[in-house]
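# Descriptive structure summary
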Amino acid sequence: MLRVHFTSEDLARVRVAPGPDFLWEISNSVQTLQRRDGERVFGAWRRWVRPRLSDTPRLLSSLLPPRGYSPDFLTPTTGDRATLQAALDTLMSTPRPRLRTDLTHLAASFQLPSWVGSLAGGGTDSLRRLGGALGTYQREALAPYWQRVHAHIDADRAVRLHSLLDGGTEGLLNGLGPQFRWRPPVLEVAYPVDQQLRLCGRGLVLQPSFFCWPTPITLADGDLPPVLVYPIHHAADWAGTAAPAPGSRSSDGAGPLGPLLGHTRAGILRATRTGCSTVEAARLLAVTHPAVSQHLNVLRAAGLVATVRKAGRSFHIATAEGRALLAAEERAGSSPERGA
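The present account deals with the structure reproduced in this document. (Residues numbered from 1 in each chain as written. Predicted model: local features only at pLDDT ≥ 70, side-chain atom pairs only at ≥ 80, totals over all residues. Heavy atoms only, no water.)

We now examine helix α3 (residues 39-49). Counting buried positions over the 11 residues of α3 gives eight, a clear majority of the element. Along α3, the residues classified as buried are V41, F42, G43, A44, W45, R46, W48 and V49. Contacts from the buried residues of α3 go to α2 (22-34) and α8 (124-142). (Buried < 20%, exposed > 50% of the residue type's maximum accessible area, 1.4 Å probe, protein only. Helix = DSSP H or I, 4+ residues; strand = E, 2+ residues; numbered from the N terminus. Contact = heavy atoms within 4.5 Å.)

Given below as structure tokens:
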């Protein structure tokens, strides 16, 4: 059990991260790749990625075992992390005492390859090797899926926003899912070990993660800026799907937007700009629930909408591609709709 202790000041300083974090998704996915559970969610991705990985990224598994401790320095909480390169630059500048402390902790539980000794000492070549492995892994394992990762995390953030609007910060904490229990002033989190995290006025960053599995994660060192990484709910349109081939098109030659023409479908896409439930969309457009569901299936297949589920309800949010289409419509100054 992880117990996160809040003060009144901490409750005012809780925020949800603005999007996926490159290094958290890399770390979590390396661990998930080594596991066998979560087959429904990650089975297709594992089968797709394993034969495509070069030898370079495989060295990451020695630093990121599927269970137990993993080094804090691999997921820095400070510095510029807006791009992968910026995140890697932050990691590469990790102070030597942090490298030594984290890797000594890891070595107490796992046998590490010889090159990790040089890494613990801040060896330039070892740091470059690690940075290269992280970058290669991102390109080979995650880049083909990154739009989906971003879309699903955007959808999760929209759900959190609604929880915050409905119930304030305590509503946000209460709504994180079955692995969390808010017992003021402590947030109890399902966790493989007993750990206490005292925020002491520093606030807390909630980081939604696509590849976090099966329990939430936090840093081992409680003195670092507090972050709580939690697994998002994975919608059915992700499970069992593989990455599309680059440049692939639909068999009819019309591309994925062909089925989107129509007043109702365009209206549903507009409704998902800020997020809506199936019930809300049906009420807004005065159509039946089954009709809304059918149109949403097409929008999801085209990559324009992502869906998450909360308390038995489906919640839909436009993806980056969907928002771009809506923005293009606004710039044009007229609706692209055609006959329903």
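Next up on the list: the layout of surface pockets. By volume, the second largest pocket is sized at about 520 Å³. In terms of lining, the second largest pocket is formed by 31 residues, of which the most central are Q31, G68, Y191, P192 and I217. At the level of elements, α2 and β7 (217-218) are the ones that each hand at least two residues to the lining of the second largest pocket. Broken down by element, the lining of the second largest pocket gets its largest block of residues, five residues, from α2. Among the residues making up the lining of the second largest pocket, the classes are represented as 18 nonpolar, 10 polar and three charged. (1 Å grid on protein atoms, 1.4 Å probe; cavity = no way out; pocket = protein on both sides within 12 Å on 5 of 7 lines; lining within 4 Å. Points joined across faces, edges and corners; volume = space filled by probe spheres on them. Nonpolar A, V, L, I, M, F, W, Y, C, P; charged D, E, K, R; others polar.)

Taken in spatial order, the four strands of this open sheet run β3-β4-β1-β5, and their pairing is mixed. This sheet does not close on itself; its edge strands, each paired only once, are β3 (180-183) and β5 (195-198). Each strand of the sheet is rotated relative to its neighbour by a mean of 20°, with strand direction disregarded. The sheet contact formed by strand β1 (residues 2-5) and β5 spans four bridges and is parallel. What sits directly across from L2, in β5, is Q195. (Pairing = 2+ DSSP bridges. Axes fitted to C-alpha atoms, helices over the stretch in contact; angles between N-to-C directions.)

It is worth spelling out a nonpolar patch on the surface at this point. A grouping of L161, L164 and L165 is seen on the molecular surface, where their side chains present a nonpolar patch of about 290 Å² in accessible area. Relative to the helices and strands, L161 resides in helix α9 (residues 146-174). Judged by its relative accessible area of 43%, L161 is partly exposed. (Patch = residues over 30% accessible without salt bridge, like charges linked within 9 Å, V, L, I, M, F, W, Y side chains within 5 Å. Areas by Shrake-Rupley, 256 points an atom, 1.4 Å probe, with all protein chains shown as cover. Salt bridge = Lys/Arg side-chain N within 4 Å of Asp/Glu carboxyl O.)

Quick look at α9 now. Compared with the 42 Å implied by 1.5 Å per residue over 29 residues, the 29 Å span of α9 between its first and last C-alpha is markedly short. By the largest-angle criterion, G167 marks the main kink of α9, which is about 135°. (Expected span 1.5 Å × (residues − 1). Bend = angle between axes of the 7 residues up to and from the residue.)

By size, the foremost hydrophobic cluster in this structure holds 43 residues, and its most contacted members are W45, L63, L130 and Y137. If you tally residues by element for this core, the top one is α8, at seven residues. When near neighbours in sequence (up to four residues on either side) are disregarded, L130 contacts L60, L63, F73, L74, L91 and L119. (Core = buried A, V, L, I, M, F, W, Y, C linked by side-chain atoms within 4.5 Å.)

With that out of the way, let us pick up empty space enclosed by the protein. As enumerated under the stated definition, the model contains one cavity of 30 Å³ or more in all. By volume, the largest cavity is sized at about 40 Å³. Looking at the largest cavity, the residues that line it are Q195, L197, T218, L219, D221, G222, L224, P225, P226 and V227. Partitioned by chemical class, the residues of the lining of the largest cavity number six nonpolar, three polar and one charged.

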